[in-house]
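# A closer look at the structure
Read off the chains here:
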Amino acid sequence: MSSPAQSDVRHWLSGLARNSRRWVQATVWAGVLVGLATIIQMVLLAWIVYLGVIEEQPVSSLTPCFLALILVLVVRAVGQALQSRFAARCSEQVRKHVRLQLHEHWQSLGPVALSDASSASLTREWLDHVEALHGYFARFLPQMMLSVIVPLAILALVFWLDWLAGIFLLLSAPLIPLFMALVGMGAEKVNQQHFETVSRLSGQFLDKVRGLTTLQLFGQTEQASETLYKRSDQFRLITMKTLKIAFLSSAVLEFFASVAIAVIAIYIGFGLLGYITFGPSSELTLFSGLLILLLAPEFFQPLRTLSQHYHDRAAALGASAEILARLSQPATGSGRPAKLPQTVYDNTVNLNGVSLSYGDGPAVFNNIFLTFKRGETIVLTGPSGGGKSSLLHLLAGFINPDTGCISVFGQSPGAAPFGWLGQKGFWIQGSWADNLRMTSPDASDAAIEAALRKVGLADLLDSREQGINSRIGEDGQGLSGGQARRLSLARIFLADYDLILLDEPTAGLDATSEICILDALHKLSEAGKTLILSTHHQALFTLADRVLVVSDGEVQNA
């Protein structure tokens, strides 16, 4: 996958923000409420101190001010709670939308296009990359707006109290965004490298674990361990570099904010002592001076908070680049599904003028026309690489033809459920019943047991104490290759599909398993199912109503 341009990544993030504008605005308004409550809190604190110290009023007369202060604190707490809630809701909606985009894109790509991607990389995209967007939408994006609104409100009040102190704040404020931008230029690139590195490491680690037996047989475990060590150390260096930039940016911004506050404090102190007589300094009182000092940290606080969340932006840009690269991945086959012909055949499978090629390679099919009747058993044979699997992938909707259209019982390929048995099965760690219920969640125990007996697993089922609740591991561990293949075939019996596509169903199986698969397919054929299978085994030819030879871009009768 090629990395998208940064402008495309920012445009994609902006689109996500527009879709969640209501929650972003709600978060900002809650933050504004918190900011205004904070300003009022500082005014009340400064006024209480002024009345108590300068006016020497008794504490009893200050009760209304204390009650107002408590009320403001409650309002501020409620505003912070609402801000957190709205931010979480915004982030949740965005992440849900992105996962929906990924799911729809993976579905459009199909298993053929996704076969080149590591399952670990796909998992990282679904989990970690999407979660990396949380900080951007929940914290950085609302804070970016609040860092303008709240400081402007404080600045207006400070200018009203003392225009010279307001000028000090105004001159020091741009330093923080400036250094944020300078630091952010490097942070974005480092974060993208971080996500790319961890995706590669995840894929390599999973591949090594899955191939551990093969590595042991060929004595390559030490070399594999060395490779993982180097990749892990590279990930460590990238992670430390990312953290270094994050800590450096925080330190720089805290330094400039502290210096600016110190300048304000010096001005207020010397002004109250009478050492500064320039401008409005002679008019400073304990109330105005203390209020300016209390507001100065609050003026920089939104900007400091923004700087703390700036790494969320860098992380989101890095993760978004990986996600957008996946969403930009084209499906196998350069065309789009053509519209079905006006005459729809509800009882046939039709390929009308279908052509297919992979990239710039030679044509796999060139303008082929085929018709299969409902209930037929079609056997595809021919040399390896001739296009048998590609034809099955077209009928399944896993890939789109470059030209032409395909109709499967009056619908587009993949629009209706169908049975699929590929050369490599898919199993999850769990019981036999768990694996069969992947396609039929509501299947009863009796139906599962009947399906297992139909595929020749009766003896094995009776020999297991736990029956259909017997456990298997990932990749069918705990069963032989033939037994695992038959377990996959049992899903088809359980789900009762009209169309069943099988890619080399007996490849690599022993004689006993081959006979069981042949008998099970014969039962499906007798039940009126439409079977289309590719094979080199002559034994499966006995099932066929028609045998087609797929070779050199053509499909002909044997």
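Heads up: the structure comes first, above all this text.
Predicted, not measured: the structure shown is a model, and the values here were computed from it.

Quick look at the environment of alanine 416 now. Along the chain, the position of alanine 416 falls in the loop between β4 (403-408) and β5 (419-421). Each C-alpha atom of the pair alanine 416 and asparagine 435 lies 21 Å from the other, and the pair is 19 residues apart in sequence.

Quick look at the side chain of threonine 381 now. Checked against the element boundaries, threonine 381 lands in strand β3 (residues 377-381). Overall, the relative accessible area of 13% leaves threonine 381 in the buried class. Of note is the side chain of threonine 381, whose polar atom sits 3.3 Å from the backbone oxygen of threonine 535. Apart from the residues lying within four places of it in its own chain, the contact partners of threonine 381 are Lys388, Thr535, His536, Phe541, Val547, Leu548, Val549 and Val550.

Turning next to the packing of helix α3 (residues 63-114) against helix α5 (residues 133-161). At their nearest, the axes of α3 and α5 sit 8 Å apart, and the two run at 130° to each other. Overall, the two elements α3 and α5 adopt an arrangement that is oblique. The handedness of the crossing between α3 and α5 comes out as right-handed. Here α3 contributes Gln83, Ala87, Cys90, Ser91, Val94, Arg95 and Val98 to the contact with α5, which in turn contributes Leu133, His134, Phe137, Ala138 and Leu146.

Below, the discussion takes up α5. The end-to-end C-alpha distance of α5, which contains 29 residues, comes to 41 Å, matching closely the 42 Å that a straight helix rising 1.5 Å per residue would cover. At glutamine 143, α5 is bent by approximately 30°, the largest bend along its length.

For the rest of this paragraph, the subject is the pattern of salt bridges. Counting across every chain of the model gives 12 salt bridges. The partner of arginine 99 in a salt bridge is glutamate 131, with the nearest N and O atoms 3.0 Å apart. Placement of the pair is arginine 99 in helix α3 and glutamate 131 in helix α4 (residues 119-131), with a sequence separation of 32 residues. Put simply, arginine 453 and aspartate 462 hold a salt bridge, and the shortest N to O gap is 2.8 Å. By relative accessible area, which is 33% here, arginine 453 ends up partly exposed. Overall, the relative accessible area of 52% leaves aspartate 462 in the exposed class. Three or more residues are tied together by salt bridges with common partners; here these are Arg95, Arg99 and Glu131.

Okay, the sheet that holds strand β1 (residues 348-357) next. Ordered by their spatial adjacency, three strands build an open sheet running β2-β1-β4, and the pairing between neighbours is antiparallel. The two strands at the open ends of the sheet, each matched to only one other strand, are β2 (363-373) and β4. Sheet twist, expressed as the average angle between the axes of neighbouring strands with direction ignored, equals 15°. In this structure, β1 lies alongside β2, joined through seven bridges in antiparallel fashion. If you follow threonine 348 over to β2, its bridge partner there is lysine 373. Sheet strands touched by helix α12 (residues 388-396): β1, β2 and β4. Its angle to β2, the strand with the most contacts, is close to 60°.

In this model, phenylalanine 409 sits at a positive phi of 55°, which is unusual for a non-glycine residue. The exposure class assigned to phenylalanine 409 is buried, which follows from its relative accessible area of 11%. Phi is positive for aspartate 496, which is not a glycine, with a value near 60°. Position of aspartate 496 relative to the elements: it lies in the loop between α16 (481-495) and β8 (499-503).

Applying the stated criterion across every chain, the model contains 11 aromatic pairs. Taking 5.4 Å as the distance between ring centres and 85° as the angle between the ring planes, the aromatic pair formed by tryptophan 47 and phenylalanine 287 counts as edge-to-face. In this pair, tryptophan 47 sits in helix α2 (residues 21-53) while phenylalanine 287 sits in helix α10 (residues 286-308), placing the two residues 240 residues apart along the sequence. A centroid spacing of 5.7 Å and a plane angle of 25° characterise the contact between tyrosine 136 and phenylalanine 140, whose relative ring orientation is stacked. With tyrosine 136 and phenylalanine 140 both in helix α5 and four residues apart, the pair spans about one turn of that helix. Of the two residues, tyrosine 136 and phenylalanine 140, both sit in the buried class. Among the aromatic residues, ring-to-ring pairing joins Trp47, Tyr50 and Phe287 into one connected group. When the ring centre of tryptophan 126 is taken as origin, the NZ or CZ atom of arginine 99, which lies over that ring, is 5.8 Å away. Across the ring face of phenylalanine 409, the terminal group of arginine 374 is positioned such that the distance to the ring centre comes to 4.0 Å.

About the criteria used
Residues numbered from 1 in each chain as written. Predicted model: local features only at pLDDT ≥ 70, side-chain atom pairs only at ≥ 80, totals over all residues. Heavy atoms only, no water. Helix = DSSP H or I, 4+ residues; strand = E, 2+ residues; numbered from the N terminus. Buried < 20%, exposed > 50% of the residue type's maximum accessible area, 1.4 Å probe, protein only. Polar contact = N/O pair within 3.5 Å; in protein donor to acceptor, adjacent residues only side chain to side chain. Contact = heavy atoms within 4.5 Å. Axes fitted to C-alpha atoms, helices over the stretch in contact; angles between N-to-C directions. Parallel < 35°, antiparallel > 145°, perpendicular 65-115°, else oblique. Left-handed = near helix turned anticlockwise from the far one by under 90°. Expected span 1.5 Å × (residues − 1). Bend = angle between axes of the 7 residues up to and from the residue. Salt bridge = Lys/Arg side-chain N within 4 Å of Asp/Glu carboxyl O. Pairing = 2+ DSSP bridges. Phe/Tyr/Trp six-rings, centres within 6.5 Å; stacked < 30°, edge-to-face > 60°. Lys NZ or Arg CZ within 6 Å of the ring centre and 35° of its normal.

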